[in-house]
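Residue strings, one per chain:
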Amino acid sequence: MTEYLAVDGGTIAYEVAGSGPLIVLAHGMGDSRAAYRAVIPPLVAAGYRVAAVDLRGCGESSVGWPAWSRTAIAGDLLAVIRHLGGPALLVGHSISGGAATIAAAQEPSLITAAVELAPFTRKQSIRVGDLRVKRFRQGMLRLLGTGAFGSVPFWRSYLDVAYPGVKPADWADRLGRIDSLLREPGRMKAMQGMGRSAPTDAGAQLGNVRCPVLVVMGTLDPDWADPHAEGSAIVDALPSGLGRLEMIEGAGHYPHDQFSDQVVSLILAFLQSKAAHA
């Protein structure tokens, strides 16, 4: 059942399942909490209370927000965690991976650990050699087209590149839902706003994180010419010993949707490891 929380002049939609320690799941831009539909049941079965959140402007959350930055998104996620009686493990994807970094740095009492899936957490720069990587070139052009023209077809074309090889069993329904949401008034503007927001606010907070962080990257993620190098750079910018990188072979920018079983296994192992060293 969808629940709503008033935050910063808007409304954040979320749903909660299960009981036990709290895990909060946050999706990437242009998406909704449905991105975690295959992740939620096994986490609940493992004994966790799981809250899946629609980011501001996305899913069933309201569209009229003053800002689209990672810092703003982090504030929304922290508000949900306070409301649900945290602390929580915070899982963020792409833009909300950067928001998870900020939330962990700002409110260490509310974030026990963070999982960042294909996160945009650092300032990005493109080298000439990066353009030789076909998937990176294809993904970048489609992202630029989406941002410049507010084009849903461009975004659907990007998603085809972002899900290399393996597609979810309900791929047609998944694309249809995304298409329908982005055609609602204000949804594409929200995604464009997120796309224009620089990750410098998140990168500046990496050194201030005090909880364990798991970074998960797909080897075929089109958002980076070298996903492993990006993930390693995030881990290296965290305080020594806090971060760990895991790569999922064959995954693109949505490892939690392409390879949900592997992502769940990584999250549960991470939680067990964290508990063992607490």
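Remember, predicted model here, so these are calculated numbers, not experimental data.

A. Representation of the pattern of salt bridges in the model. Under the counting rule described, the total for this entry stands at 17 salt bridges. The residue Asp31 makes a salt bridge to Arg174 at a minimum N-O spacing of 2.8 Å. Within this pair, whereas Asp31 is found in the loop between β3 (22–26) and α1 (40–45), its partner Arg174 is found in helix α6 (residues 171–182), the two being separated by 143 residues in sequence. Among the ionic pairs, Glu230 bridges to Arg122, the shortest N-O distance being 2.9 Å.

B. Broad picture of helix α5 (residues 152–162). Among the residues making up α5, those that are buried are Val152, Trp155, Tyr158, Leu159, Val161 and Ala162. All buried residues of α5 project into a common sector of 165° when viewed along the axis, lining one side. Buried positions along α5 lie against α4 (134–149), α6, α7 (187–196) and α10 (255–258). Sitting at the head of α5, Ser151 places a side-chain oxygen 3.0 Å from the backbone nitrogen of Phe154.

C. Quick look at helix α9 (residues 227–237). Of the residues making up α9, those classed as buried are Pro227, Glu230, Gly231, Ala233, Ile234 and Val235. Buried-residue contacts for α9 involve β6 (111–117), α4, β7 (213–218) and β8 (243–248).

D. Structural detail: the sheet that holds β8. Taken in spatial order, the 8 strands of this open sheet run β1-β2-β4-β3-β5-β6-β7-β8, and their pairing is mixed. A strand with exactly one partner marks an edge of an open sheet, and here the two such strands are β1 (3–7) and β8. The average undirected angle you get between the axes of adjacent strands in this sheet is 20°. As paired elements, β3 and strand β4 (residues 49–53) share 5 bridges and run parallel to each other. The residue bridging Val24 from the neighbouring strand is Ala51, located in β4. Relative to strand β5 (residues 88–93), helix α3 (residues 95–106) is tilted by about 145°, and along the sheet it contacts β3, β5 and β6.

About the cut-offs
- Residues numbered from 1 in each chain as written.
- Predicted model: local features only at pLDDT ≥ 70, side-chain atom pairs only at ≥ 80, totals over all residues.
- Heavy atoms only, no water.
- Salt bridge = Lys/Arg side-chain N within 4 Å of Asp/Glu carboxyl O.
- Helix = DSSP H or I, 4+ residues; strand = E, 2+ residues; numbered from the N terminus.
- Buried < 20%, exposed > 50% of the residue type's maximum accessible area, 1.4 Å probe, protein only.
- Arc of directions from axis to C-beta.
- Contact = heavy atoms within 4.5 Å.
- Polar contact = N/O pair within 3.5 Å; in protein donor to acceptor, adjacent residues only side chain to side chain.
- Pairing = 2+ DSSP bridges.
- Axes fitted to C-alpha atoms, helices over the stretch in contact; angles between N-to-C directions.

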